[in-house]
Amino acid sequence: MARVGLSEQELLRIAVPIAAEAAAMAQRMRAEAITDFGTKSTITDVVTAADTAVERLISDALRAVRPGDAMLGEELGTDLGTASSDSQVRWIVDPIDGTVNYLYGIEQYAISIAAELDGEVVAGVVHNAATGRVWTAARGHGAWRDGRRLTGSTQTDLAQTLVATGFAYIAARRAHQGRVVAGLLPRVRDIRRMGSAALDLCAAAEGQVDAFYEKGLNAWDMAAGGLIAREAGLLMTGLHGRPPGHDLVLVAPPALHPQLHDVLSELDAAGGP
Ligand code: IPD
Ligand code: CA
Ligand code: CA
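Now for a description of the structure that goes with this document.

Reading the values: rules and limits
- Residues numbered from 1 in each chain as written.
- Chains lettered and ligands numbered in written order.
- Predicted model: local features only at pLDDT ≥ 70, side-chain atom pairs only at ≥ 80, totals over all residues.
- Heavy atoms only, no water.
- Near = heavy atom within 4 Å.
- Polar contact = N/O pair within 3.5 Å; in protein donor to acceptor, adjacent residues only side chain to side chain.
- Helix = DSSP H or I, 4+ residues; strand = E, 2+ residues; numbered from the N terminus.
- Nonpolar A, V, L, I, M, F, W, Y, C, P; charged D, E, K, R; others polar.
- Domains from an automatic or database assignment.
- Buried < 20%, exposed > 50% of the residue type's maximum accessible area, 1.4 Å probe, protein only.
- Contact = heavy atoms within 4.5 Å.
- Pairing = 2+ DSSP bridges.
- Axes fitted to C-alpha atoms, helices over the stretch in contact; angles between N-to-C directions.

**Topic: the site of ligand 1**
Move 1: Close to ligand 1 lie 16 residues; Asp97, Gly98, Thr99, Tyr169 and Glu214 are nearest.
Move 2: Between Asp94 and ligand 1, the recorded distance is 3.4 Å, taken from a side-chain N or O atom to an oxygen atom.
Move 3: Here an oxygen atom of ligand 1 and a backbone polar atom of Gly98 are 2.7 Å apart.
Move 4: Tallying contributions element by element places strand β2 (residues 89–97) first for the shell around ligand 1, with 3 residues.
Move 5: Classifying every residue of the shell around ligand 1 by side-chain character gives 5 nonpolar, 5 polar and 6 charged.
Move 6: Taken domain by domain, the makeup of the shell around ligand 1 includes at least three residues from each of domain 1 (8–149) and domain 2 (158–266).

Written out as structure tokens, the structure reads:
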């Protein structure tokens, strides 16, 4: 039986140290792979091994404190061992978001853990495993990074907007995304493709970019980062009144949102394969 009744902040307090432990494991596995490189392991194998091992660590740690909760994880599916059907809490986990950066040693990869209560994300932590930076949010309690409250960008002019985005792994979807970004690029300050949707959302929350959009994201890519962005005061939607989802996630400060929405709509950013 799920022990429901924890507040958003209590759920967050469960997730934060687990994300830290997971980040330490990801870093350890990467360091060991580099040491072993050419003898027994390869860095490519280690990416897959680390994704699974880190998610296993998170799921074991969550099960130890919240045995009745459900979990949706990228690598292990929905299994949290004894998840009960009446559980109202579901953890949404991306063990390493930014896997390609992890592979190359670019310091933009993160552990993302969110808690959903009755279908709504209410707590989230994104922990950059390479830099140790941590972003958190609990519903109604703001978004934070290392003790500083986040309020997003104050930019109001689309032409001066720095937009983060990302591309899917599917070639046909990428081709469409390439056409969209080609149409957007002349109308904004610039584009950033940093390689971790979770960290992109945190960057938007922090105002390090003004806005973010991406097509094809899964729940684990955006659950924690999305709450962090919303709690920083940003709007997070799909196109044409639809909720954010696999078709499109658009995150922007209220003054920018309609402008970016209309351009993305004109470019059919939610369309294609
Ligand atoms: C990916 C990253 C990337 C985004 C992709 C995601 P992964 O997640 O978030 O920035 O563009 O859509 O799939 O594979 O590194 O966990
Ligand atoms: Ca991901
Ligand atoms: Ca991942």
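**Considering helix α7 (residues 257–266)**
One turn of an α-helix holds 3.6 residues; hence residues three or four places apart share an orientation.
Move 1: Where α7 is concerned, the buried positions are His257, Leu260, His261, Val263 and Leu264.
Move 2: Close packing links the buried residues of α7 with α4 (171–184), β10 (211–214), β11 (235–237) and β12 (249–252).
Move 3: Asp268 sits one or two positions beyond α7 and adopts a positive phi of about 55°.

**Re unusual backbone geometry**
Move 1: With a phi close to 50°, Asp146 is a non-glycine residue in the positive phi region.
Move 2: Relative to the assigned elements, Asp146 resides in the loop between β6 (143–145) and β7 (148–149).
Move 3: Even without being a glycine, His240 presents a positive backbone phi close to 55°.
Move 4: Within the secondary structure, His240 is located in the loop between β11 and β12.
Move 5: With relative accessibility at 48%, the residue His240 sits in the partly exposed group.

**Considerations on the sheet that holds strand β4 (residues 120–128)**
Move 1: Taking strand neighbours across the sheet as the criterion, the 7 strands line up as β1-β2-β3-β4-β5-β6-β7 in an open arrangement whose pairing is mixed. If you trace the sheet from one side to the other, it starts and ends with β1 (70–73) and β7, each paired once.
Move 2: One ladder, built from 3 bridges, connects strand β5 (residues 134–138) with β6; its direction is antiparallel. By the bridge assignment, Trp135 is partnered in β6 with Arg145.
Move 3: Relative to β4, helix α1 (residues 8–36) is tilted by about 30°, and along the sheet it contacts β2, β3 (110–117), β4 and β5.

Just geometry here; none of it tells us what the structure is for.
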